[in-house]
Amino acid sequence: MKNWMFLLFLASVLSCKNESKVVDNKIKEDVAFLADDKLEGRQTGTRGETLAAKYLVERFRTIGLQPKGTEGYLQSFSFKPKTDPHGEVKFTTNADSTITGNNIIGFIDNNAKSTILIGAHYDHLGFGGEGSLYRENDKAVHNGADDNASGVAVMLNLASRIKIKNDQAEIKDKNNYLFMAFSGEEMGLLGSNYFSKNPTINAESINYMINMDMVGRMKADSTLAVYGTGTSPIFKQTLKSNNDKFKLVENESGVGPSDHTSFYLIDIPVLHFFTGQHEDYHKPGDDSEKLNYDGMNLISDYIYNIITDLDDNGELVFRKTKNESEETPRFKVGLGVVPDYLYDGKGMRIDGTREETPAFAAGLQKGDIVLKLGDSTITDMMSYMRALSVFDNGDEAEITVKRGDKTIDTKVKF
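These notes cover the structure that comes with them. (Residues numbered from 1 in each chain as written. Predicted model: local features only at pLDDT ≥ 70, side-chain atom pairs only at ≥ 80, totals over all residues. Heavy atoms only, no water.)

## Focus: the pattern of salt bridges
Summed over all chains, the structure comprises 17 salt bridges. Of the charged contacts, one joins Arg61 and Glu58 as a salt bridge, the two residues approaching to 2.8 Å between their closest N and O atoms. Of this pair, Arg61 and Glu58 both sit in helix α3 (residues 47-63), 3 residues apart, which is roughly one turn of that helix. Overall, Arg61 belongs to the partly exposed group, its relative accessible area being 45%. By relative accessible area, Glu58 is classed as partly exposed at 41%. With a shortest N-O distance of 3.3 Å, Lys245 and Asp244 are connected by a salt bridge. Under the relative-accessibility criterion, Lys245 is labelled partly exposed at 46%. Linked by salt bridges that have partners in common, Asp24, Lys26 and Glu29 make up one network. (Salt bridge = Lys/Arg side-chain N within 4 Å of Asp/Glu carboxyl O. Helix = DSSP H or I, 4+ residues; strand = E, 2+ residues; numbered from the N terminus. Buried < 20%, exposed > 50% of the residue type's maximum accessible area, 1.4 Å probe, protein only.)

## Examining the pairing of strand β4 (residues 99-108)
Of all 10 residues making up β4, 8 are buried, and the element is well covered by its neighbours. Bridge count for strand β1 (residues 66-67) against β4 is 2 bridges, and the pairing is antiparallel. By the bridge assignment for β4, Gln66 is matched with Phe107. Of the strand pairs in this sheet, strand β2 (residues 74-80) and β4 are connected by 6 bridges, and their pairing is antiparallel. Within β4, the position partnered with Phe79 by the bridge is Ile99. Two elements, β4 and strand β6 (residues 175-182), share 5 bridges in a ladder whose sense is antiparallel. Its bridge partner lying in β6, Ile104 is registered against Ala181. (Pairing = 2+ DSSP bridges.)

Taken by themselves, the reported measurements are silent on function.
Put into structure tokens, the structure is as follows:
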């Protein structure tokens with residue numbers, strides 16, 4: 001009897017020890033801190049960015065990641081603000097009239113030849129500035145809960161899970177892991193660009209890169225956009241075989257308006273995860289209480305399973321993709337709408353309209369699907385942009401939209 005009691009006691013102790021190694025999910029807590037008004041929008045080079053960086057350094061340390069910056073976990077970079085909006089930012093070591101940002105970098109060393117890079121940018125727009133779509137107050141804090149405290153929180157969750165798994169495993173993963181919180185993304189992918197030119201590990205050892213930017217507003221239909229699916233032949237199959245939760249919208253191109261682009265341009269396969277734009281994008285309303293935390297947990301599970309599935313595939317093959325950004329038409333006017341980038345039906349669905357714009361004046365509404373603009377039939381986003389490119393300020397055009405079961409013909413003046 002005593003032996004049985006001892007065995008039960010021993011089992012209880014071992015169970016408690018195992019429970020202590022279960023991942024403590026801090027996704028909601030991480031978003032709440034990063035998107036708090038006290039951080040004043042986390043603009044690169046400001047006090048708010050410094051506070052966010054200190055928080056992330058402590059999170060990396062608590063998770064148990066090794067520092068892999070140039071000064072502990074930090075990789076500082078300095079640059080002069082652009083005077084020419086079409087010119088490139090120049091990195092500099094001269095302290096005069098410069099802005100300094102910090103990438104936060106942590107590492108899991110499995111003594112492997114290759115490394116998976118998992119990243120998300122943590123900077124945002126501060127009080128607005130040029131990137132803001134808000135016109136009522138130029139001193140409103142842009143907290144950037146979805147853009148991109150959401151991506152950082154999922155990245156930290158993945159870091160915790162992968163660290164615990166590899167600490168407990170008798171046989172560790174066949175890749176090392178580099179976790180990065182980028183700064184300077186909103187100013188032109190500056191942090192990731194700087195790292196790609198000044199890597200703190202051998203860049204040739206990076207197997208592939210995963211980027212999470214705006215993953216906090218999953219809609220009721222569970223649509224998840226994944227970009228870069230053409231940058232390695234294995235990606236599409238892996239995404240499909242691990243998916244039983246999402247309606248995937250895939251884009252093959254490795255070039256896009258987020259940090260994965262910096263790594264695609266140095267021939268690294270990339271995947272970028274995104275739950276779509278919304279009416280609070282680059283506005284003060286992008287706050288933590290509006291996020292879909294259940295959706296973020298599902299995305300973390302999905303990416304974790306993808307990484308696990310790819311672990312025994314060795315070095316992934318890199319493949320160049322068609323650069324769709326080079327084919328994007330230039331246009332002088334706009335409707336003043338937020339397109340629904342996750343819509344994969346016929347036409348261009350409107351995810352939001354802004355006041356004092358051609359769309360608002362024409363009575364267009366969120367959910368309307370643009371089917372025709374001028375003489376052009378709209379089948380997708382690219383055909384919409386081509387149609388828009390022929391108009392100048394002052395032009396008037398016929399526009400046809402589908403609203404529910406109705407088709408509405410009206411006019412829009414640019």
